[in-house]
Structure formats: C-alpha cells, structure tokens
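# Structural overview for review
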Amino acid sequence: MSNPYPQIHLVRHGETAWSLSGQHTGRTDMPLSPVGEAAARGLADRLEGLSFSAVWSSPSQRAYNTSVLAGFGAQSVKKDDLQEWDYGAYEGLTTKQILAERRGWNVFRDGCPKGETAADVGARADRIIAGLREANASILVFSSAHFLRVLAARWIGLPPEGGALLVLDTASISVLGYEHDLSEPVIRKWNQK
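What you see is a predicted model, and the numbers here were worked out from it, not measured in a lab.

### Examining the overall build of the chain
Each helix and strand in the chain was counted, giving seven helices and six strands. Taken from N to C terminus, the helices and strands of the chain fall in the order β-α-α-β-α-β-α-α-α-β-α-β-β. Along the first, second and third principal axes, the C-alpha set of the chain runs to 50 × 35 × 25 Å. Classification of the 193 residues of the chain by burial places 47% in the buried group. Put simply, 66% of the contacts in the chain that link residues at least 6 apart link residues at least 24 apart. Here the chain has roughly 9,000 Å² of accessible surface; of this, 51% comes from carbon and sulfur atoms. Of the side chains in the chain, 20 bear a positive and 21 a negative charge, and the two mean positions are spaced by 3 Å.

### A closer look at unusual backbone geometry
In the Ramachandran plot, Lys-114 falls in the positive-phi region, its phi being about 60 degrees despite a non-glycine side chain. Relative to the elements of secondary structure, Lys-114 occurs in the loop between α5 (107–110) and α6 (118–135). Overall, Lys-114 belongs to the exposed group, its relative accessible area being 80%. Here Ala-171, not a glycine, exhibits a phi torsion of approximately 55 degrees, which is positive. In this structure, Ala-171 sits in the loop between α7 (145–155) and β5 (173–178). Its relative accessible area of 2% is what places Ala-171 among the buried residues.

### Points about the pattern of salt bridges
In a structure, side chains of opposite charge can pair up when their charged atoms sit close to one another. For the structure shown, the criterion picks out five salt bridges. Note that Glu-116 and Arg-27 form a salt bridge whose closest N and O atoms lie 3.5 Å from each other. In this pair, Glu-116 sits in the loop between α5 and α6 while Arg-27 sits in the loop between α1 (17–21) and α2 (34–47), placing the two residues 89 residues apart along the sequence. For Glu-116, a relative accessible area of 11% puts it in the buried group. Between Arg-127 and Asp-81 there is a salt bridge, and its shortest N-O distance comes to 2.8 Å. Placement of the pair is Arg-127 in helix α6 and Asp-81 in the loop between β3 (76–78) and α4 (95–101), with a sequence separation of 46 residues.

### Considerations on the pairing of strand β6 (residues 185–192)
It is a general feature of regular strands that their side chains alternate between the two faces of the sheet. Pairing between β5 and β6: five bridges, direction antiparallel. Counterpart to Gly-177 in the pairing with β6 is Val-186. Hairpin connection, β5 to β6: the antiparallel pair is bridged by six residues.

### Some thoughts on α2
A rise of 1.5 Å per residue sets the reference length of α2, with its 14 residues, at 20 Å; its end C-alpha atoms lie 20 Å apart and thus fit the reference within 8%. Where α2 is buried, its residues contact β1 (8–12), α3 (61–69), β4 (139–143) and β5. Taken from the residues just after α2, Gly-49 is the one with a positive phi, measuring 90 degrees.

### Considering the packing of α6 against α7
Closest axis-to-axis distance for the α6/α7 pair is 9 Å, and the angle between their directions is 60 degrees. Taken together, the axes of α6 and α7 lie oblique to each other. In this structure, α6 meets α7 at a crossing whose hand is right-handed. Counted together, Val-121, Gly-122, Arg-124, Ala-125, Asp-126, Ile-128, Ile-129, Leu-132 and Arg-133 of α6 and Phe-147, Val-150, Leu-151, Arg-154 and Trp-155 of α7 form the full contact between these two elements. Looking at side-chain class alone, the contact of α6 with α7 contains nine nonpolar, one polar and four charged residues.

### A word on the side chain of Ser-172
Mapped onto the secondary structure, Ser-172 falls in the loop between α7 and β5. Ignoring sequence-local partners within four residues, the contact set of Ser-172 consists of Leu-10, Val-11, Arg-12, Arg-46, Asn-191, Gln-192 and Lys-193.

The rules behind these values
- Residues numbered from 1 in each chain as written.
- Predicted model: local features only at pLDDT ≥ 70, side-chain atom pairs only at ≥ 80, totals over all residues.
- Heavy atoms only, no water.
- Helix = DSSP H or I, 4+ residues; strand = E, 2+ residues; numbered from the N terminus.
- Buried < 20%, exposed > 50% of the residue type's maximum accessible area, 1.4 Å probe, protein only.
- Contact = heavy atoms within 4.5 Å.
- Areas by Shrake-Rupley, 256 points an atom, 1.4 Å probe, with all protein chains shown as cover.
- Lys, Arg positive; Asp, Glu negative; His and termini not counted.
- Charge placed at Lys NZ, Arg CZ, Asp CG, Glu CD.
- Salt bridge = Lys/Arg side-chain N within 4 Å of Asp/Glu carboxyl O.
- Pairing = 2+ DSSP bridges.
- Expected span 1.5 Å × (residues − 1).
- Axes fitted to C-alpha atoms, helices over the stretch in contact; angles between N-to-C directions.
- Parallel < 35°, antiparallel > 145°, perpendicular 65-115°, else oblique.
- Left-handed = near helix turned anticlockwise from the far one by under 90°.
- Nonpolar A, V, L, I, M, F, W, Y, C, P; charged D, E, K, R; others polar.

So, in structure tokens, the structure goes:
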C-alpha cells in the first residue's frame, strides 16, 4: 500500500577513520575512508527511483561528500543545524575512554563538557523538523549518527534523550513519515543497510 504523505529519508554518512575506531566525531571535519567512499557511491543504487523535492546536508565533509558520491551533490544544500553533536571536551575520545574518567556517562543523558547537551541538539533537530513540516515534501537528509538519532526521536514526539534507543550504522538509510495523516508522525524504516 502506497503512502500519500511526504517521506523524509535520513542517510548517515559513510565510514571515517574515527567512526571505525569509535571516536566521538562532532565538529572535527573527518574525511570519508576509502570504504566510506565506496559505501557512499553504493547509496546511489539504493536511492535510485526515489524523488526528492530537496536534499539537505550537514556542512561536514563526511556528510556532504556522502551526498555528492551518492549522486545528489548538485542538489545538496548545507544546513548548519544538521551538524553532529558538539562533543566539546570529549571530541576524539571513545566511549570506553570517557567511561574510564566518568563512570556511568551517557551522552544522551549527560551531554558533554564544553559541548552540547541533548536539549541543545534537540533544539536544532526541532528547527530542522519545522522546516521539513513546512516544506510538506519528500526530502533527503545527510548527517551523522547522534544528530539523526535525536532528530528521529523528536520526529515521533520523544524527548531528545529518546535517541539513545536508536542506533545507526554508517551509510544507512532510515525513513520518517506519517501513518494515517499528518498528525501521526512515525518511523517507517530504520537503519537499512
């Protein structure tokens, strides 16, 4: 059964050296690895035949270059609100390294010193959602894992911390949309590889 309502396709960028090692990559502008570039090119086949009114990307090179390699570079508009979580003092560290210093830490609950809290990221996600709903059209979005997890949580009415319940692999595709009408936002597909 076809759905008459707009669908928002979310794409997490391809692999980088830090996504492979598990290092928190917020504002460090990491390039895609060769594996990440290949996966980004593979997105073209996975998105083939879909029509989008707009393509939005985080300004990070890992997200924007994923959009370019997937064949959407000519349409891709960079939006600052799509940037990954600002990890502040935890930039470049793995969760294991952070937990060695701060037992029980969780980014969604505790945020990052000199960086963003879940509420900060949620406010950016809410602005993106307002733009998506105003457009009332199918849009393709390229960004990073933690931001997209918060975006999806906010889309379905959860607090930003609800993003902790969702995981995203590199070069994955997820779909946000609606069920019976525009008052029922849902996650239609998640973390498709």
